[in-house]
Amino acid sequence: MSPDVLDYHRFPPPAAAAWFVEHLWVARTDADAPPVLEVFLPNGRPSVLVRLGTLGSRVDPVTGARTADDSGVIGLSVDPHVVRLSPGSWFVGAQLAPYGLAALSPGRLLVGESAPLTHVLAPAAAASLAERLRAAPDDARATTMLGVDLAASVRRRTPAGRLDTLQTAIRVIEERRGLVRPVDLAQSANVTLAALHQCFVEEVGLQPVTFLQATRFLMFVAELAGPSPWTAETVLTAMRAYLATEPVPREVERFTGLGPSQLRRAVNGIAALLRSGQAGPAVHDGRTMGRAGATGD
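About the cut-offs
- Residues numbered from 1 in each chain as written.
- Predicted model: local features only at pLDDT ≥ 70, side-chain atom pairs only at ≥ 80, totals over all residues.
- Heavy atoms only, no water.
- Buried < 20%, exposed > 50% of the residue type's maximum accessible area, 1.4 Å probe, protein only.
- Helix = DSSP H or I, 4+ residues; strand = E, 2+ residues; numbered from the N terminus.
- Pairing = 2+ DSSP bridges.
- Expected span 1.5 Å × (residues − 1).
- Axes fitted to C-alpha atoms, helices over the stretch in contact; angles between N-to-C directions.
- Left-handed = near helix turned anticlockwise from the far one by under 90°.
- Contact = heavy atoms within 4.5 Å.
- Nonpolar A, V, L, I, M, F, W, Y, C, P; charged D, E, K, R; others polar.

Visitor: When you look at the pairing of strand β3 (residues 36-40) in this model, what are you seeing that I'm missing?
Guide: Within a regular beta strand, the side chains point alternately toward one face of the sheet and then the other, so they alternate between its two faces. Counting buried positions over the five residues of β3 gives five, a clear majority of the element. Covered by surrounding structure in β3 are Val36, Glu38 and Phe40 together with Leu37 and Val39, the residues of both alternating faces. The sheet contact formed by β3 and strand β8 (residues 81-85) spans five bridges and is antiparallel. Among the inter-strand pairings, Val39 is bridged to a residue of β8, identified as Val82.

Visitor: How do you make sense of helix α7 (residues 208-225) when you look at a structure like this?
Guide: Between its first and last C-alpha, α7 extends 26 Å over 18 residues, near the 26 Å set by a 1.5 Å rise per residue. Remark: Gly226 follows α7 within two positions and exhibits a positive phi of approximately 85°.

Visitor: Help me understand the packing of helix α8 (residues 232-244) against helix α10 (residues 260-276), please; the structure alone is not making it clear to me.
Guide: Between two packed helices, the angle of one axis relative to the other and the distance separating the axes together describe the packing. The interhelical angle for the contact between α8 and α10, taken along N-to-C directions, is 145°, at an axis separation of 10 Å. Seen along the crossing, α8 lies across α10 with a hand that is left-handed. Along its contact with α8, which presents Ala232, Glu233, Leu236, Met239, Arg240, Tyr242 and Leu243, the element α10 presents Leu263, Arg264, Val267, Ile270, Ala271 and Leu274. Tallied by class, residues from the contact of α8 with α10 come to 10 nonpolar, no polar and three charged.

Visitor: What is the right way to read the sheet that holds β8 from this model?
Guide: Strand order across the open sheet formed by four strands is β3-β8-β5-β6, with antiparallel pairing between neighbours. Looking at strand neighbours, the two that pair on one side only are β3 and β6 (66-69), the edges of this open sheet. Across the sheet, the axes of successive neighbouring strands diverge by a mean angle of 25°, strand direction being ignored. Bridging between strand β5 (residues 56-59) and β6 involves four bridges; their strand directions are antiparallel. Note that in β6 the partner of Ser57 across the bridge is Ala68.

Structure below.
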């Protein structure tokens, strides 16, 4: 990742949050840095984002719709998007496990949606969080504070049997780059297909087949782009290279989780956005920095 553009560091969660928080992170851009555009691809993870610096925006590359990239809870995303980081950006975030929101908000899993911090934190904790994180002596302490707040906000502990099923299934999905049938996934997790379906719907918010599609896009880009982190242009080049092979529609759906026209519109939209501004790093597995994007290690 380009240290002159984006300063990004990842931290482990505190022990009490480790079962549903995959990692915590801090990201900054300098106050005199130019605006940066990042491409984020679905990675099957929700996240919690706390903005401490200037306000940026999130852009749908297909529709061009813009929303504020502010503090909040970002649900599991199923579409690529672009984030514009303003000079002086500063975020502290948590990437949750795919089932993480079921621990914090069992009644509303936010698939394809976002919500204020009060969706997962008590109003008093949410209101004071940004100032507490700004006052932290260092980044490690700031991320620990966020992790402790999330651990204290758990409303429902995922039953041990279901947690084991989900963790096994997710491991198999990643090992096979998303190219596995739900029935084989169920067999790997030693449950029936019906049980796997119910587990994913209730704990993640998606059917197993939809979760596979939502994560496959990232995996196909990783195959083409090589070791992460990737620049936004690298992500775009990988997507264009795939389209240039003129794959049949079923293959597009299988390898990206998107229809051919959807993928082409997304590629064209991302290209237009990158032409209009500076392209910055697109972190590796979904937002390793908190949104859902090309982030992760």
